[in-house]
Amino acid sequence: MGLPVEAFYVPAEDPLRLAHEWLVEDTPAVIHTRSGRRVGATLATELEARVVQLRHLDDVLSGGALYPVVHTEFRQVGDVVDQAAYTEDIGRRLLIVLGELAQLAGWVSSDAGRHHEAQRVYLSGVAAARAATDAALTSQLLSSLAYQMATVGDPGDAVLLARSAAKGAKQATPVVRALLYERVAWAAARCQDRDGTRRALDTVDELYERRVLGIAEREWVYWLNRHEIDVMAGRCLIELGEPERAEPLLAAAIAAYPTGHAREIALYLSWLAESYARTGNLDAARATLRRARHAAAGVHSARLDSRIHEVACLA
């Protein structure tokens, strides 16, 4: 056919291939427990590294693709926590891994449209994080659940839960607290609480400006930056009926976004399209929605599909 042999192979760095390899290979939890019930620091370290890898895979894979991988890992680490023997220090590290996997498992479940399962997994993670006395992770899990509730559940309950989560992490770093207050802002916006939304967004800005470069941050806040903060502000402004103020925030953030993050680009384009539609610029709304559909091609995300359909009804 005149093609190089390499053309018939998936690149080694392809994230979908990596996810499938993880599905058919034994996880560290399985390998280590084969040799006996007692586990140690080696397993804890390997699992800590794997949860970071999985979290970053979520940047480029949809919930539908990542769901089986994350849930397999979550279930097997849970088995280790329940059945293996380990020291108190190793036990705390394993519980934190389990809590972080629960947050990711809840997130990909929600992205795949499995909202009841997401809530169950989030709450399982809360139990693990509390057992590890990790207040920041406990707040992260509750805040993630509040985000889902604000979007597909009762926004009033979501506000209460998001605010409780933020209050429970007073000793966390400014970046962690900024993330938690982003979800307070979203829940408040969904409730049409204009003052509450603006206070929360102001708090996010204040906390993010107080971040200290060089201090250790929780790895799960790696993605929060000024562009992400602007996207959330834009979304909240649309919810509050101020789409004209949202457009420049969203457009600038999308222009700076990494091209490989197809799901997020498509989602943010859908919000930009909505901002155009709600200001009456239907031509721009339709053109932007076409861009969103193009970016979403091949992305298996119930959340994204629902979002594009919702905006299409406006444009």
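Residues numbered from 1 in each chain as written. Predicted model: local features only at pLDDT ≥ 70, side-chain atom pairs only at ≥ 80, totals over all residues. Heavy atoms only, no water.

(A) Focus on the nonpolar core. If you look at the biggest cluster of nonpolar residues, it comprises 102 residues, and the most contacted ones within it are Leu 54, Leu 66 and Leu 94. Leu 66 has contacts with Leu 54, Leu 57, Asp 58, Leu 61 and Val 108, leaving out every residue within four places of it along the chain. (Core = buried A, V, L, I, M, F, W, Y, C linked by side-chain atoms within 4.5 Å. Buried < 20%, exposed > 50% of the residue type's maximum accessible area, 1.4 Å probe, protein only. Contact = heavy atoms within 4.5 Å.)

(B) Structural detail: the pattern of salt bridges. What the rule picks out here adds up to 24 salt bridges. Note that Asp 111 is salt-bridged to Arg 303, the shortest N-O span being 3.0 Å. Of this pair, Asp 111 sits in helix H5 (residues 88–111) while Arg 303 sits in helix H15 (residues 302–312); the two residues are 192 residues apart in sequence, bridging distant segments of the chain. Classification of Asp 111 as buried rests on a relative accessible area of 1%. Looking at Arg 303, the relative accessible area reads 23%, which means it is partly exposed. With a shortest N-O distance of 3.4 Å, Arg 226 and Glu 209 are connected by a salt bridge. On the criterion of sequence distance, the pair formed by Arg 226 in helix H11 (residues 226–239) and Glu 209 in helix H10 (residues 194–209) is long-range, its members being 17 residues apart. (Salt bridge = Lys/Arg side-chain N within 4 Å of Asp/Glu carboxyl O. Helix = DSSP H or I, 4+ residues; strand = E, 2+ residues; numbered from the N terminus.)

(C) Fine view of H10. Between its terminal C-alpha atoms H10 stretches 23 Å, which fits the 22 Å expected from 16 residues at 1.5 Å a residue. Contacts from the buried residues of H10 go to helix H8 (155–167), helix H9 (174–190) and H11. (Expected span 1.5 Å × (residues − 1).)

(D) Up close: the layout of surface pockets. Its volume calculated, the largest pocket comes out at about 1,100 Å³. Contributing to the lining of the largest pocket are 46 residues, with Trp 107, Tyr 147, Arg 235, Glu 264 and Arg 303 lying nearest its centre. Counting residues per element, the ones that place at least two in the lining of the largest pocket are H5, helix H6 (115–131), helix H7 (135–152), H9, H11, helix H13 (262–278) and H15. Residue composition of the lining of the largest pocket, grouped by class: 19 nonpolar, 12 polar and 15 charged. (1 Å grid on protein atoms, 1.4 Å probe; cavity = no way out; pocket = protein on both sides within 12 Å on 5 of 7 lines; lining within 4 Å. Points joined across faces, edges and corners; volume = space filled by probe spheres on them. Nonpolar A, V, L, I, M, F, W, Y, C, P; charged D, E, K, R; others polar.)

(E) Structural detail: the environment of Thr 72. Assignment of secondary structure puts Thr 72 in helix H4 (residues 63–83). Of note is the side chain of Thr 72, whose polar atom sits 2.8 Å from the backbone oxygen of Pro 68. (Polar contact = N/O pair within 3.5 Å; in protein donor to acceptor, adjacent residues only side chain to side chain.)

(F) Representation of the packing of H5 against H7 in the model. Between H5 and H7, the least distance of the axes is 10 Å, while the angle of their chain directions is 10°. With respect to H7, the axis of H5 lies roughly parallel. In this structure, H5 uses Ile 96, Gly 99, Glu 100, Ala 102, Gln 103, Trp 107 and Ser 110 to contact H7, whose residues at the interface are Leu 137, Gln 140, Leu 141, Ser 144, Tyr 147 and Gln 148. Here the residues of the contact of H5 with H7 sort into six nonpolar, six polar and one charged. (Axes fitted to C-alpha atoms, helices over the stretch in contact; angles between N-to-C directions. Parallel < 35°, antiparallel > 145°, perpendicular 65-115°, else oblique.)

So far we have only geometry, and geometry alone does not tell us how the molecule works.
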